[in-house]
Amino acid sequence: MGCFFTGTFSIIFTILGIYYDGWAGAFFGFLLGSFIDTAINRIRAKRQQQYFKSKDFTDYKLILAAYVAKADNNRLLRSEMEYVRQFLINDLGTESAQAAMLRFRDILNSNVDISTVCADLRQHATIYEKLIILQFLFGFSQADGEMRQEELDAIRYISDLCGVSQSNFEAVKSMFMGSFYGGYQQAGGYSYGDYQQSYGGYSSSRTENRSTLENDYKILEVSPDATDDEVKKAYRAAAKKHHPDKVSHLGEDVRKAAEIKFAQVNEAYERIKKSRGMN
C-alpha cells in the first residue's frame, strides 16, 4: 500500500463503477473508494504517530542538543546542563535521569553525527513531533539567556535535515525570540524549579510593540498583508499544529511543553485580532 497516494482507491472504484454501471456505478464506486482511502490514511497516521516512543525521542533530543552545544565551539554552560537535567528529571524521573545525564556527557565527548537521527525524523516523525524537537533545542540554546548565531545556525541546519519548512522554523523561532532593535532578545524566561517557561509581558515602546506584532504574524505563518479570513485560517492551522494532543504519546512532559506553545499561538492571534479590530 505504501506506493498508493491519497485518493487512489476512489479513482479506481470510480472507473470500475463507470465500466460496470455507468454514472450511477461511478457515484457508488467513488463513495466506496473514498471510504477505503480514508481508512488507510487513518491507519498510516496512527502508525506514524506511534513510531516514536518517549525513550527514543529523549535520546534523539540529547544527540541533537549535543550537536547544538558543539556548534558553539563546544561551549556548554552550567545553565544549559541544568536545562537538560531538569528536562530529564521531568521526563524520566530522578533515578533514570542520572543515567541519562551520564549518557549525555558521553555523547558530548564523542563525535556527534546527526545524519541518521535527522533522516529518521524526516521520514517517520510527524510535523508535531518535529516542532517539539525544535522547541526543545531553542529552549536549550537560550537557557543562558541569549541566543548565539552559531547555535541558531545549528538548529536551522537540523530543521532543514528533518524536512521542516522555512515558515514552520520561523514560527517556532518567533515563539522564543524577538527581533528588537535589529538584534535578538529572548521572548520569555525559563524557570528550572517547575520546568515551566513563563513568558513575561512585552515592552510598551512603539518599536517593540511593532516588532512583537511582526512576530505574532510569523507564529501564525501568515503575512501582515493577509485578509482577516486568511488570518483566521492560518490561526486554525497553527492551533492544530501545536495542539498538545498531537504529542501526548511522547509523555506528559512533552505535552506540557506543547501546551505552552499552544497558548502562545492563541495569544498571538488575540493580539493580531485586537490590532485589526477583528471579532
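The structure reproduced in this document is the subject of the present report. Computed from a predicted model, the values in this text were never measured in an experiment.

### Remarks on unusual backbone geometry
- One non-glycine residue with positive phi stands out, namely glutamate 221, at about 60°.
- Relative to the helices and strands, glutamate 221 is located in the loop between helix H9 (206–220) and helix H10 (228–241).

### Overview of the packing of helix H6 (residues 127–141) against helix H7 (residues 149–161)
- For the pair H6 and H7, the least separation of the axes is 10 Å and the interaxial angle reads 170°. As summarised for this structure, H6 and H7 are arranged roughly antiparallel, according to the angle between their axes. Counting all contacts with H6, which are made through Leu134, Leu137, Phe138 and Ser141, the residues of H7 involved are Glu151, Leu152, Ile155, Ile158 and Ser159.

### Re the nonpolar core
- One finds Leu64, Leu137, Phe138, Leu220 and Val231 to be the most contacted residues of the largest nonpolar core, which totals 67 residues.
- In contact with valine 231, other than residues within four places in its own chain, are Tyr217, Leu220, Val222, Ala226, Tyr269, Ile272, Arg276 and Met278.

### Some remarks on a nonpolar patch on the surface
- There is a patch of nonpolar side chains on the surface, built from Ile12, Leu16, Tyr19 and Tyr20 and spanning about 490 Å² of accessible area.
- Relative to the elements of secondary structure, tyrosine 19 occurs in helix H1 (residues 8–49).

What counts, and at which threshold
Counting restarts for each chain, with residues numbered from 1 along the sequence as it is written. For this predicted model, a pLDDT threshold of at least 70 governs which residues receive local features, and a threshold of 80 or more governs which side-chain atom pairs are given and counted, while totals over whole chains, interfaces and linings are taken from all residues. By convention in this description, side-chain values take in all heavy atoms of the structure and omit both hydrogens and water. The secondary structure listing takes helices from DSSP runs of H or I that are at least 4 residues long and strands from runs of E that are at least 2 residues long, numbered from the N terminus. To obtain each axis, a line is fitted to C-alpha atoms, and for helices this fit is confined to the stretch in contact; angles are then taken between N-to-C directions over 0 to 180 degrees. Roughly parallel refers to an angle under 35 degrees, roughly antiparallel to one over 145, roughly perpendicular to one between 65 and 115, and oblique to any angle outside these ranges. Contact definition: two residues touch when any of their heavy atoms are within 4.5 Å. The nonpolar core is taken to be a set of buried Ala, Val, Leu, Ile, Met, Phe, Trp, Tyr and Cys residues, with the residues joined through side-chain atoms within 4.5 Å. A 1.4 Å probe rolled over the protein chains alone gives each residue an accessible area, and that area as a share of the maximum for its type sets the label: buried under 20%, exposed over 50%, partly exposed in between. A patch is a set of surface residues, each over 30% in relative accessible area and not in a salt bridge, joined within 9 Å for like charges and within 5 Å for the nonpolar side chains Val, Leu, Ile, Met, Phe, Trp and Tyr. Here the Shrake-Rupley method, with its probe set to 1.4 Å, supplies the accessible areas, and only the displayed protein chains count as covering residues. One side-chain nitrogen of Lys or Arg within 4 Å of one carboxyl oxygen of Asp or Glu is enough to make a salt bridge.

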